[in-house]
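# Remarks on the overall topology
Residue-level listing of the chains:
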Amino acid sequence: MVEIRTVAVIGAGQMGMGIAHVVALGGYDVRLYDVGADKLPAAIGAIGASMARQVSRGTVTAADADAGLARILPIETLAEAGTADLVIEAATEDEAIKKSVFRDLTPHLGAHTLLASNTSSISITRLASVTDRPERFIGLHFMKPAPAMKLVELIRGIATSGETYDIAVAFAEALGKTTTESEDFPAFIVNRILAPMMNEAVYTLYEGVGNVTAIDTALKLGANHPMGPLELADFMGLDVVLAIMNVLYEGLGDSKYRPCPLLVKYVEAGWLGKKTGRGFYDYSGATPVPTR
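Keep in mind the model is a prediction, meaning the values are calculated, not measured.

## Thoughts on helix H7 (residues 162-174)
- Under the 1.5 Å per step criterion, the end-to-end length of H7 is 18 Å for 13 residues, consistent within 8% with the ideal 18 Å.
- What H7 keeps buried is the set Thr 164, Tyr 165, Ile 167, Ala 168, Val 169, Phe 171 and Ala 172.
- Gly 176 sits one or two positions beyond H7 and adopts a positive phi of about 85 degrees.

Here is the structure:
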């Protein structure tokens, strides 16, 4: 079996940073790439700040945080990523973009390199098909925020080998994560259940059944959820929620997965949630304020 020592993470957005953070603390050397190389210094700084918060809470020692941060090397080319033992793609949740990443990456891969996608909804089989190694390709879906969430959802494509799956399980468990296995169906397990709940909450708002506060309070106290569904949608990113709903709707052809028009409108407005400062809540002040 391939021994994983170096891991390249493609994409230095919120998920990419979180994955790099976790993998580095797990003792692996990390190469962090983003198509916007100018983003990398800020990404490294954000990872350092996140590790510092863990130190302040006593969940990580200062020595481990310093060593982990030192293991993360920003890189500027996919050729530098391709020689890693494992490459984890964490680009935007858009199939065309992800396929483009894998097409561009494939010529630079070492013979032993394993590939993984952190996609939250897109077919692993289709993504693997644009590479030269579908048997060495797997879905490694980290939950957000990756440093805090315990689950990694594993998805085998139709060609994923048993050895690749076993290596992926061992890798995730070495990071202190629990794994679940999902078949390669649209949105897998977590988002097959979670995204429609958030979409239904938006429909509930759209139809005037309740306002933002009422809906989130009802689910937090009535179902014992730690976050209300609209708050959670803002946290995930409304563009991500919409992308998942589109994958479900197009992939399964069932009208129950039709994205709510209000969700579409918010995304068209650029109100993507917490990352843009406005979604179902306005985050410009000290306390988030509902926008409806």
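## Quick word on the packing of helix H9 (residues 212-222) against helix H10 (residues 229-236)
- Taken N-terminus to C-terminus, the directions of H9 and H10 make an angle of 100 degrees; their axes are 7 Å apart at the nearest point. Overall, the two elements H9 and H10 adopt an arrangement that is roughly perpendicular. Contacts from Val 212, Ile 215, Asp 216, Leu 219 and Lys 220 in H9 reach Pro 229, Leu 230 and Glu 231 in H10.
- Tallied by class, residues from the contact of H9 with H10 come to five nonpolar, no polar and three charged.

## Here we look at empty space enclosed by the protein
- Going through the model one piece at a time under the given rule, you end up with one cavity of 30 Å³ or more.
- One number sums up the size of the largest cavity: a volume of about 40 Å³.
- In terms of lining residues, the largest cavity is bounded by Ile 4, Leu 86, Leu 114, Leu 115, Ile 138, Leu 140, Thr 164, Ile 167 and Ala 168.
- Elements represented by at least two residues in the lining of the largest cavity include exactly strand E5 (114-117), strand E6 (137-142) and H7.

## Observations concerning the nonpolar core
- Within the largest apolar cluster, 41 residues are counted, with the highest numbers of intra-cluster contacts made by Leu 32, Leu 140 and Phe 171.
- The biggest single contributor to this core is helix H1 (residues 14-25), with seven residues.
- Once residues within four sequence positions are removed from consideration, Leu 140 is found in contact with Leu 86, Ile 88, Ala 116, Ser 117, Asn 118, Val 152, Glu 153, Leu 154, Ala 168 and Phe 171.
- The next biggest cluster of nonpolar side chains, apart from the first, holds 28 residues, and it includes Ala 201, Val 212, Met 236 and Leu 263.

## Side note on the pattern of salt bridges
- Considering all chains together, one arrives at ten salt bridges under this definition.
- A salt bridge links Lys 99 to Glu 95; the nearest nitrogen and oxygen atoms lie 3.1 Å apart. One end of the pair, Lys 99, and the other, Glu 95, are both in helix H5 (residues 95-105), four residues apart, so they sit about a helical turn from each other.
- By relative accessible area, which is 17% here, Lys 99 ends up buried.
- Under the relative-accessibility criterion, Glu 95 is labelled partly exposed at 22%.
- Across the salt bridge formed by Lys 220 and Glu 231, the nearest N and O atoms sit 3.9 Å from each other. Of this pair, Lys 220 sits in helix H9 while Glu 231 sits in helix H10, placing them eleven residues apart in sequence.
- Note on Lys 220: relative accessible area 30%, which makes it partly exposed.

## Focus on the environment of Gly 253
- Residue placement: Gly 253 occurs in the loop between helix H11 (238-252) and helix H12 (261-268).
- Separated by 63 residues in the primary sequence, Gly 253 and Val 190 have C-alpha atoms spaced 19 Å apart.

## Description of the pairing of strand E8 (residues 178-182)
- Sheet analysis places strand E7 (residues 151-156) next to E8, joined by five bridges and oriented parallel. When the bridges of E8 are listed, Leu 154 appears paired with Glu 181.
- Note that the unit made of E7, H7 and E8 has a crossover that is right-handed.

## Section: the UniProt feature "domain: 3-hydroxyacyl-CoA dehydrogenase NAD binding" (unreviewed entry) in the chain
- According to UniProt, the "domain: 3-hydroxyacyl-CoA dehydrogenase NAD binding" (unreviewed entry) feature falls on residues 6-183.
- In the segment residues 6-183, helix accounts for 41% and strand for 22%; the C-alpha atoms at its two ends are 27 Å apart.

## Section: the layout of surface pockets
- If you add up the space inside the largest pocket, you get close to 1,200 Å³.
- Taken together, 45 residues form the lining of the largest pocket, with Met 15, Asn 118, Lys 144, Met 236 and Val 240 sitting closest to its centre.
- Looking at the lining of the largest pocket, the elements with two or more residues in it are H1, H5, E6, helix H8 (190-206), H10 and H11.
- Per-element accounting of the lining of the largest pocket gives the leading share, five residues, to H5.
- In the lining of the largest pocket, the residues fall into 24 nonpolar, twelve polar and nine charged.
- In this model, the second largest pocket occupies a volume close to 830 Å³.
- In this structure, the second largest pocket is lined by 31 residues; those nearest its centre are His 21, Ser 50, Pro 145, Pro 147 and Ala 148.
- Contributions of two or more residues to the lining of the second largest pocket are made by H1 and helix H2 (40-57).

Analysis parameters
Residues numbered from 1 in each chain as written. Predicted model: local features only at pLDDT ≥ 70, side-chain atom pairs only at ≥ 80, totals over all residues. Heavy atoms only, no water. Helix = DSSP H or I, 4+ residues; strand = E, 2+ residues; numbered from the N terminus. Expected span 1.5 Å × (residues − 1). Buried < 20%, exposed > 50% of the residue type's maximum accessible area, 1.4 Å probe, protein only. Axes fitted to C-alpha atoms, helices over the stretch in contact; angles between N-to-C directions. Parallel < 35°, antiparallel > 145°, perpendicular 65-115°, else oblique. Contact = heavy atoms within 4.5 Å. Nonpolar A, V, L, I, M, F, W, Y, C, P; charged D, E, K, R; others polar. 1 Å grid on protein atoms, 1.4 Å probe; cavity = no way out; pocket = protein on both sides within 12 Å on 5 of 7 lines; lining within 4 Å. Points joined across faces, edges and corners; volume = space filled by probe spheres on them. Core = buried A, V, L, I, M, F, W, Y, C linked by side-chain atoms within 4.5 Å. Salt bridge = Lys/Arg side-chain N within 4 Å of Asp/Glu carboxyl O. Pairing = 2+ DSSP bridges. Right-handed = clockwise from strand over helix to strand, strands pointing away. UniProt positions renumbered as here; feature names shortened; annotations may be inferred.

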